[in-house]
Amino acid sequence: MTENRPMDLLARSLNSQVLVKLKGDRELRGRLRGYDQHLNLILDDAEDITEQTHQELGTVILRGDNVIFLSPSGKPPGKTPAKKTKKKG
Amino acid sequence: MTENRPMDLLARSLNSQVLVKLKGDRELRGRLRGYDQHLNLILDDAEDITEQTHQELGTVILRGDNVIFLSPSGKPPGKTPAKKTKKKG
Amino acid sequence: MTENRPMDLLARSLNSQVLVKLKGDRELRGRLRGYDQHLNLILDDAEDITEQTHQELGTVILRGDNVIFLSPSGKPPGKTPAKKTKKKG
Amino acid sequence: MTENRPMDLLARSLNSQVLVKLKGDRELRGRLRGYDQHLNLILDDAEDITEQTHQELGTVILRGDNVIFLSPSGKPPGKTPAKKTKKKG
Amino acid sequence: MTENRPMDLLARSLNSQVLVKLKGDRELRGRLRGYDQHLNLILDDAEDITEQTHQELGTVILRGDNVIFLSPSGKPPGKTPAKKTKKKG
Amino acid sequence: MTENRPMDLLARSLNSQVLVKLKGDRELRGRLRGYDQHLNLILDDAEDITEQTHQELGTVILRGDNVIFLSPSGKPPGKTPAKKTKKKG
Amino acid sequence: MTENRPMDLLARSLNSQVLVKLKGDRELRGRLRGYDQHLNLILDDAEDITEQTHQELGTVILRGDNVIFLSPSGKPPGKTPAKKTKKKG
């Protein structure tokens, strides 16, 4: 199971776009350049996309304790009407 | 009792649908791909189901300190009128 | 005094109904299947009894830092008018 | 000074009534049956005395990080008009 | 500098009146009987002086993480109009 | 990957202007003179730029747990209308 | 870089006036007599300068987790209209 630890997924996401949801309803997006075991992150070309008008931040060091979740796909999340989802089978 | 530690139940829930209740009244659902000792989680095909309109998130790394509880059954919780529940016997 | 540490009482409460008061005025009830030293809990047949209408949750893993207190008696708490309580004697 | 560490006073308060002031303006009272180094407590015959109408809780395990202070005297606190208090002499 | 560590000042304040400012705008006063390295305190003849009407608490064990600051002088703080203060010279 | 840990980027940002976003919507700017592993920072010629009217603070020691993110570019963040951003390819 | 760690600057600020910004919008000022590795501080001749009317506190032990930043210059912060600041060159 070792390769499915959260830190391993971070390692495989280096240089990819990630979406980061922060406490306080803030949302950042950027290219993951680095991280450490506290989930501190380095994002390149980071943007604060909390509001309609995005804010360009350049490179940022993000303190890990602010993170709710991060998505390595980096795609802006799609909104779909509530629907059945696949159950495990 | 070793097999009834919370981490053991997580291990047995790998690849199953889990429902995750987060601080701040947020609710996610997804397939548990990985975890670590901090209750950091990897969810595949994750959805934010907090509101009527679900939000597809793809794969997410969830920081464990946001979790209130997670339910490995993954079923959307059923609402029933207040009733007597079984006492231990 | 060893047998009167909080963790010992948890051990003796395995398979009993417990009532768990959480931060944020939430209340769960369920059968204690497991726990660890962080007060992370596994509850079987868990219910969210915060509101009149109970919500069935099945099995849940509860993160310990959300707990205010838990009561191994599991009885719904009784309301009584303010009264004198026994002093230590 | 060893005998004046907070943990030593807890040890001497075993089996006595204690009043526990919790974060979020909650107040419990009960007989101290056990504790550990995190200030996790076991209270027997515990009551939630936050409001006029007391709530009987039976035995509870209280997570220490919720505690503001606890008073081993266990007497309901007396209200007195603001007055001079003894200075150290 | 060893004798100017916060813990050393606590040691020298044993048996003196201390004023303790707590998170949540609460204020206690009492005679410092003991402490530990977490800034957990034992206060004798403690009073909650948050409001005009003081509340006698007897002996209390105060959990250190609630403390903002404590003043070993124990004098009720004096209110003075904004004024120049001495600069270091 | 060692050179892409957050602490390494801090080391390379010494003597540069940094922008620091703090919890509670506060924003500081200054020249990074030092730091430690807790993300405690020393900023020279620091300014609180939270509001229109900046507040000069001189040299400050900033406690790391208040940091959301810091940007070593130090440029005031640019506001641009929401737009497509590059996807990883 | 050793001499530019936050703790080193504290050491060099002993016996100087410091301004301390606390969580919850509180501001103290005093002469730094001591500190430890948690950023617990001893301030002599401390004043609470949060409001117009300053409050004299005498000597205080300040728990480090309340600190946002502290400024060893100790000067009351100057207010200036928003302006260009020097970029690193």
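Note on numbering: residues in each chain are counted from 1, in written sequence order. Here chains are named by letter from A upward and ligands by number from 1 upward, in the order in which they appear as written. In keeping with the predicted nature of the model, local features appear solely for residues at pLDDT of at least 70, side-chain atom pairs appear and are counted solely at 80 or more, and the whole-chain, interface and lining totals rest on all residues. Values reported for side chains reflect all heavy atoms of the structure, with hydrogen atoms and water molecules removed beforehand.

### Examining the overall build of chain A
Alright, step 1. Here a strand is any run of E in DSSP of at least two residues, a helix any run of H or I of at least four, and the numbering for each starts at the N terminus. For chain A, the count of helices and strands is one helix and six strands.
Alright, step 2. The linear arrangement of helices and strands in chain A, starting from the amino end, is α-β-β-β-β-β-β.
Alright, step 3. Out of the 89 residues in chain A, the part that is buried amounts to 55%.
Alright, step 4. The contact definition used throughout considers only heavy atoms, calling two residues in contact when any of these lie within 4.5 Å. Put simply, 40% of the contacts in chain A that link residues at least 6 apart link residues at least 24 apart. When accessible area is computed with a 1.4 Å probe and restricted to protein chains, residues below 20% of their type maximum are described as buried, those above 50% as exposed, and intermediate ones as partly exposed.

### Here's the deal with unusual backbone geometry
For residues besides glycine, phi is generally negative; the peptide bonds are generally trans as well.
Alright, step 1. Positive phi, close to 70°, is recorded for L39 of chain A, a residue that is not glycine.
Alright, step 2. Residue position: L39 of chain A is located in the loop between β2 (26-35) and β3 (41-48).
Alright, step 3. In this structure L39 of chain A comes out as buried when scored by relative accessible area, which is 2%.
Alright, step 4. Even without glycine at this site, D45 of chain F takes up a positive phi of about 50°.
Alright, step 5. By the element assignment, D45 of chain F lies in strand β3 (residues 41-48).

### So, the environment of L10 of chain G
Alright, step 1. Among the structural elements, L10 of chain G can be located in helix α1 (residues 6-12).
Alright, step 2. Expressed as a C-alpha distance, the spacing of L10 of chain G and D36 of chain G, which sit 26 residues apart in the sequence, is 9.4 Å.
Alright, step 3. With residues up to four places along the chain from it excluded, the contact list for L10 of chain G reads I61 of chain F together with L32, Y35, L39, L41 and L70 of chain G.

### Things to note about the pattern of salt bridges
Alright, step 1. Any carboxyl oxygen of Asp or Glu within 4 Å of a side-chain nitrogen of Lys or Arg constitutes a salt bridge here. Evaluation of the coordinates by the stated rule reveals 63 salt bridges over all chains.
Alright, step 2. Across the salt bridge formed by R29 of chain E and E47 of chain E, the nearest N and O atoms sit 3.4 Å from each other. Taken together, the residues R29 of chain E in strand β2 (residues 26-35) and E47 of chain E in strand β3 (residues 41-48) connect sequence positions 18 residues apart. You'll find R29 of chain E and E47 of chain E in the same group, each marked buried.
Alright, step 3. The structure contains a network of salt bridges with shared partners spanning R31, R33, D44 and D45 of chain A.

### Quick notes on the nonpolar core
Alright, step 1. Each nonpolar core is a collection of buried residues, namely Ala, Val, Leu, Ile, Met, Phe, Trp, Tyr and Cys, held together in the definition by side-chain atoms within 4.5 Å. Grouped together as the largest cluster of nonpolar side chains are 22 residues, with contacts concentrated most on L10, V20, L41, L43 and L62 of chain D.
Alright, step 2. Every element with two or more residues in this core is listed here: β5 (67-71) of chain C together with α1 (6-12), β1 (17-22), β2 (26-35), β3 (41-48), β4 (54-62) and β5 (67-71) of chain D.
Alright, step 3. If sequence neighbours within four positions are ignored, L43 of chain D has contacts with V18, V20, L28, G30, R31, L32, G58, T59 and V60 of chain D.

### Describing the pairing of strand β4 (residues 54-62) of chain G
Alright, step 1. With seven of its nine residues buried, β4 of chain G lies for the most part within the structure.
Alright, step 2. Here a strand pair is declared whenever DSSP counts at least two bridges between the two strands. Strand direction decides the pairing type here: strand β5 (residues 67-71) of chain E and β4 of chain G, joined by two bridges, are antiparallel. Paired with F69 of chain E across the strands is L62 of chain G, a residue of β4 of chain G.
Alright, step 3. Looking at chain direction, strand β3 (residues 41-48) of chain G and β4 of chain G are connected through six bridges and run antiparallel. Residue A46 of chain G lies in a different strand from β4 of chain G, and its bridge partner there is G58 of chain G.
Alright, step 4. Between β3 of chain G and β4 of chain G, which follow one another and run antiparallel, lie five residues.

### A word on the side chain of K21 of chain F
Alright, step 1. Structurally, the position occupied by K21 of chain F is in strand β1 (residues 17-22).
Alright, step 2. In this structure K21 of chain F comes out as buried when scored by relative accessible area, which is 11%.
Alright, step 3. Discounting residues that sit within four places of it in the chain, K21 of chain F has contacts with R26 of chain A together with R26, E27, N66, V67, I68 and F69 of chain F.

### A closer look at the environment of G34 of chain C
Alright, step 1. As for its position among the elements, G34 of chain C is in strand β2 (residues 26-35).
Alright, step 2. Judged by its relative accessible area of 0%, G34 of chain C is buried.
Alright, step 3. Sequence-distant contacts of G34 of chain C, defined by excluding residues within four places in its chain, comprise N4 and P6 of chain B together with L14, N40, L41 and I42 of chain C.

### Brief notes about the pairing of β1 of chain F
Residues and elements named next belong to chain F.
Alright, step 1. Of all six residues in β1, six are buried; the element is thus mostly enclosed.
Alright, step 2. Residues of β1 alternate between two faces, with Q17, L19 and K21 on one and V18, V20 and L22 on the opposite face, all of them buried.
Alright, step 3. As paired strands, β1 and strand β2 (residues 26-35) are joined by six bridges and run antiparallel to one another. Among the inter-strand pairings, V20 is bridged to a residue of β2, identified as L28.
Alright, step 4. Taking the residues between adjacent antiparallel strands as the criterion, β1 and β2 are bridged by three residues, where G24 takes a positive phi near 80°.

### Structural notes on the environment of P72 of chain A
Alright, step 1. Mapping P72 of chain A onto the fold places it in the loop between β5 (67-71) and β6 (78-80).
Alright, step 2. Placed 56 residues apart in sequence, P72 of chain A and S16 of chain A show a C-alpha to C-alpha distance of 6.9 Å.
Alright, step 3. Residue contacts for P72 of chain A: discarding those within four places in its chain leaves L9, S13, S16, Q17 and V18 of chain A together with T59 and V60 of chain B.

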